[in-house]
Amino acid sequence: MRLLKEEKTESVQENRIYKLIVFLFLCSTSLYSQIPINGFCKLHSFQFLKAADSFYPCNFNNDAYTDLMVIDQANKKINVLEGLKDSEFRLKATNEMPAGLKKLVLFDSHQMNEFCYITNKTRKAGLIKINSGGGISHRNILSFDTDPGFLTAFDTNRDSIPELLFSGPGMKGMTVFKDYTKTSKSVLQSGTCYGEPVFVDMNSDSYKDVVSYNLFSGKLDCFYNNSRGEYSFVRSLNVPGFITQMKSFDYNLDGYADISYVIRNQINFILGDGVSSYSNTKTVYLHEEPYKYIYGDFNRDGKIDLLYVNKSRNKVSVLFQKDNLEFYPEVTYFLGNGISDVNPVYSKYFNGAVISQSNGNLTVIETLGLKEEKAEICFGGKNAILQSFDFGNDGLKDVAFLDSESKNVSFMTRDKSGYFTKLYIFNLPDIYSEIKIDDSQPFEKTIVCLQKEKQTIDAFSVDFINGGIKNIFSHRFKNLVDYDIGGVSPRLSVLQYYSNTLTIEYYNAFTETKPFLKSSCSIDNLVFAKIARDNSVLYSDKKGEEYSSKNWIPSAGTTKLLDKKLLKPEERIIRNYVGDFYNDSHDRFFVLYESNNELRGYFPGSPDMPVLDRSETPLRVRLSDSVITFYRRKHNGEPSKLYLYEPASSTLFRIDIVRKRGKIYLTEIGNIENVSNFIIEKLSGSHYYIISSSNNKRTTSFEKL
């Protein structure tokens with residue numbers, strides 16, 4: 001192929017600029033090491049409520065499943081949902097809400113059906129009890145002169161009557177009720193105001209003490225319990241700013257209670273120890289400011305993790321703990337409008353979290369089982385590009401996600417039992433439209449990404465062991481038609497078409513800046529072209545209504561005519577395909593077309609054939625121009641297959657070509673909604689799954705075929 005001088009100059013200039021951009025990316029990129037999700041990635045959503053402003057885990061019927069009490073402020077209702085198997089819920093009862101309900105806390109940790117509440121207008125506190133049928137009874141037990149902004153409850157002196165602790169910006173000190181039935185109370189530090197009170201065993205005597213944020217001094221005041229529920233001020237702890245959301249838990253599981261709180265986009269920890277010094281601190285920085293955070297062992301590795309909600313970005317993120325309050329990089333788990341609350345949920349059958357949205361939608365995040373028939377997972381993103389690969393070359397297919405909305409590529413890998421256990425996320429310099437993966441090395445993969453709008457191909461070496469990504473090839477092309485990667489030589493083949501010329505370039509290594517072989521042929525009206533596995537090119541061109549199918553062998557400089565077909569007015573080409581359809585390790589041309597509303601197909605050079613169903617009746621299935629295709633190559637003895645997804649009818653089909661009988665069959669597999677990209681792989685035993693992304697969800701779906 002001959003290029004004009006100015007075309008060559010322009011190409012070199014563009015590639016220099018583009019390589020500079022990629023170089024700057026390599027100098028500034030951040031990467032995520034392997035994140036042990038251990039299957040914690042399944043999403044399960046359901047909606048049968050009008051609204052959900054907040055909710056509280058409970059267990060009103062004392063069974064093995066966690067139930068939920070959902071607050072609907074607009075309709076002044078409390079909906080009680082019964083937990084069922086497979087993390088399902090059903091509406092058990094709808095109850096009237098106490099007037100002005102502001103906050104609920106569990107009244108007795110041993111009874112998961114009784115809560116204490118405060119109101120924001122009537123300045124009252126009361127008790128809510130859920131009966132075995134989901135019905136609610138409530139009664140006011142205390143009244144206040146000012147608004148009690150904060151409430152916590154715990155049986156600190158072990159008399160079977162939980163103590164109630166109230167505080168707030170308008171209250172003098174903290175009020176502790178040892179026995180609310182007798183309204184016996186004590187006031188701590190009446191000369192100041194407190195917020196964020198928590199019960200915490202600071203001195204390891206098995207009796208809960210009190211720590212609260214002094215709104216005047218900006219310090220944490222500590223009050224020790226004398227084992228009779230009587231508290232005395234001991235000391236104050238310094239904090240670096242105005243705090244919210246104070247909690248107490250043994251986050252590092254060393255046997256001593258820790259204290260956590262939020263300052264802007266930080267979760268700060270004050271660590272307990274054997275001498276009650278509380279002198280060691282730890283700060284975890286988040287991407288966004290948390291509206292609410294919760295803790296739990298979500299990935300079941302024996303360490304306490306963090307999950308938080310940011311309302312401005314409508315996002316839920318998870319940080320898995322490594323050890324000693326060191327965390328893996330933050331991972332986005334859920335995106336959705338109007339997130340209103342999140343809580344951990346534990347039961348005999350699953351551990352996870354539940355997210356509520358203001359429109360009444362509830363979403364459970366839990367562990368993906370090994371034999372799930374159908375599931376949605378958190379990762380991928382809207383319209384994500386999907387690709388399978390074999391991490392470790394152990395014969396188990398793993399999944400890669402190319403995010404179409406952010407500059408990320410993610411890899412989810414499985415262990416020997418088949419569970420998805422690790423997540424790897426790497427930043428890329430651009431948003432790409434296609435990804436191909438070279439599987440020749442077990443733990444170091446080469447990924448080749450196409451940026452269709454910019455006509456660029458970037459290749460990256462991904463080191464899964466050391467957690468590194470390195471750009472090894474960056475080149476801008478002109479009017480890309482196809483590209484392919486190989487394990488040995490050539491490593492990369494690139495097909496371009498412009499100025500009525502089809503050009504192929506072969507690169508022996510991704511480190512090469514120029515192709516070792518470049519060949520061209522003149523074609524006036526190219527319709528379709530694809531690189532075959534033997535590095536030849538199968539293409540079709542058009543002259544009037546006559547379609548010609550040809551095989552161009554660049555290395556020999558020859559072109560072979562395979563077939564000519566005159567398209568009749570009632571005929572329409574649907575798709576051209578290239579693949580090993582006879583499973584003999586040789587790629588062939590296959591054309592699918594429509595004639596008088598009947599589906600037909602042919603291999604150029606062979607007679608055309610009607611596409612049949614299993615009763616061998618010619619099919620009248622309408623396939624649109626927007627049909628989505630996935631071709632799965634022969635792998636581990638499994639024959640190659642061609643799958644079609646028709647968006648208009650949400651139907652998935654499989655094309656089977658029976659060579660010995662000279663028949664083409666179209667099998668309808670099933671209906672799947674809103675598929676934008678998909679792959680099909682064997683994930684469990686002999687079972688194949690369709691793995692798909694959606695055009696209206698930021699999740700990836702798995703469904704057994």
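Values in this document were obtained by computation on a predicted structure and should not be read as measured data.

Criteria and thresholds
- Residues numbered from 1 in each chain as written.
- Predicted model: local features only at pLDDT ≥ 70, side-chain atom pairs only at ≥ 80, totals over all residues.
- Heavy atoms only, no water.
- Salt bridge = Lys/Arg side-chain N within 4 Å of Asp/Glu carboxyl O.
- pLDDT = per-residue confidence, 0-100.
- Contact = heavy atoms within 4.5 Å.
- Helix = DSSP H or I, 4+ residues; strand = E, 2+ residues; numbered from the N terminus.
- Pairing = 2+ DSSP bridges.
- Axes fitted to C-alpha atoms, helices over the stretch in contact; angles between N-to-C directions.
- Buried < 20%, exposed > 50% of the residue type's maximum accessible area, 1.4 Å probe, protein only.
- Patch = residues over 30% accessible without salt bridge, like charges linked within 9 Å, V, L, I, M, F, W, Y side chains within 5 Å.
- Areas by Shrake-Rupley, 256 points an atom, 1.4 Å probe, with all protein chains shown as cover.

What follows deals with the pattern of salt bridges. If charged atoms from side chains of opposite charge come close, those side chains can pair. Within this structure, the stated rule accounts for 33 salt bridges. Put simply, Arg-572, Glu-594, Arg-622 and Asp-625 are held in one network by salt bridges that share partners.

When pLDDT is averaged across the chain, the result is 90; 95% of the residues are at 70 or more. Taken together, the stretch residues 1-13 has pLDDT below 50 and engages in 9 contacts with residues farther than four places along the chain or on a different chain. Note on residues 23-30: pLDDT is under 50 here. Beyond four places in sequence and across chains, it has 8 contacts.

In this section: unusual backbone geometry. Positive phi is not limited to glycine here, since Arg-264 has a value of about 55°. Inspection of the secondary structure assignment puts Arg-264 in the loop between strand E20 (258-263) and strand E21 (266-271).

This part covers the sheet that holds strand E1 (residues 35-36). With antiparallel pairing, 5 strands are arranged side by side in an open sheet as E1-E36-E35-E34-E33. Where the open sheet ends on each side, the last strands, each with one partner, are E1 and strand E33 (385-389).

Attention shifts here to the sheet that holds strand E2 (residues 40-46). Overall, antiparallel pairing links the 8 strands, which are arranged E29-E30-E31-E2-E32-E59-E58-E57 in an open sheet. If you trace the sheet from one side to the other, it starts and ends with strand E29 (339-346) and strand E57 (675-684), each paired once. Within this sheet the neighbouring strands show an average axis-to-axis angle of 30°, counted without direction. Examined bridge by bridge, E2 and strand E32 (residues 374-377) share 2 bridges and lie antiparallel to one another. Within E32, the position partnered with Lys-42 by the bridge is Ile-377.

Inspection of the secondary structure puts Tyr-432 in the loop between strand E36 (420-427) and strand E37 (434-438). Residue class for Tyr-432 comes out buried when judged on its relative accessible area of 3%.

With that settled, the discussion passes to the pairing of strand E39 (residues 456-463). The buried count for E39 comes to 8 of 8 residues, which makes it a mostly enclosed element. Of the two faces of E39, the one lined by Thr-456, Asp-458, Phe-460 and Val-462 and the one lined by Ile-457, Ala-459, Ser-461 and Asp-463 are each fully buried. Here strand E38 (residues 444-451) folds back onto E39, and the loop between the two strands holds 4 residues, one of which, Gln-455, carries a positive phi near 60°. Two strands pair when backbone bridges link them, and E39 and strand E40 (residues 468-476) are joined in this way by 8 bridges, in the antiparallel orientation. For Val-462, the partnering residue across the bridge sits in E40 and is Ile-469. What sits between the antiparallel neighbours E39 and E40 is a turn of 4 residues, in which Gly-467 has the positive phi angle 70°.

Let us look at a nonpolar patch on the surface. Taken together, the side chains of Leu-215, Phe-216 and Phe-242 present a nonpolar region at the surface, about 340 Å² in accessible area. Locating Leu-215 in the fold gives a position in the loop between strand E16 (209-214) and strand E17 (219-225). Of the residues examined, Leu-215 reaches a relative accessible area of 31% and is grouped as partly exposed.

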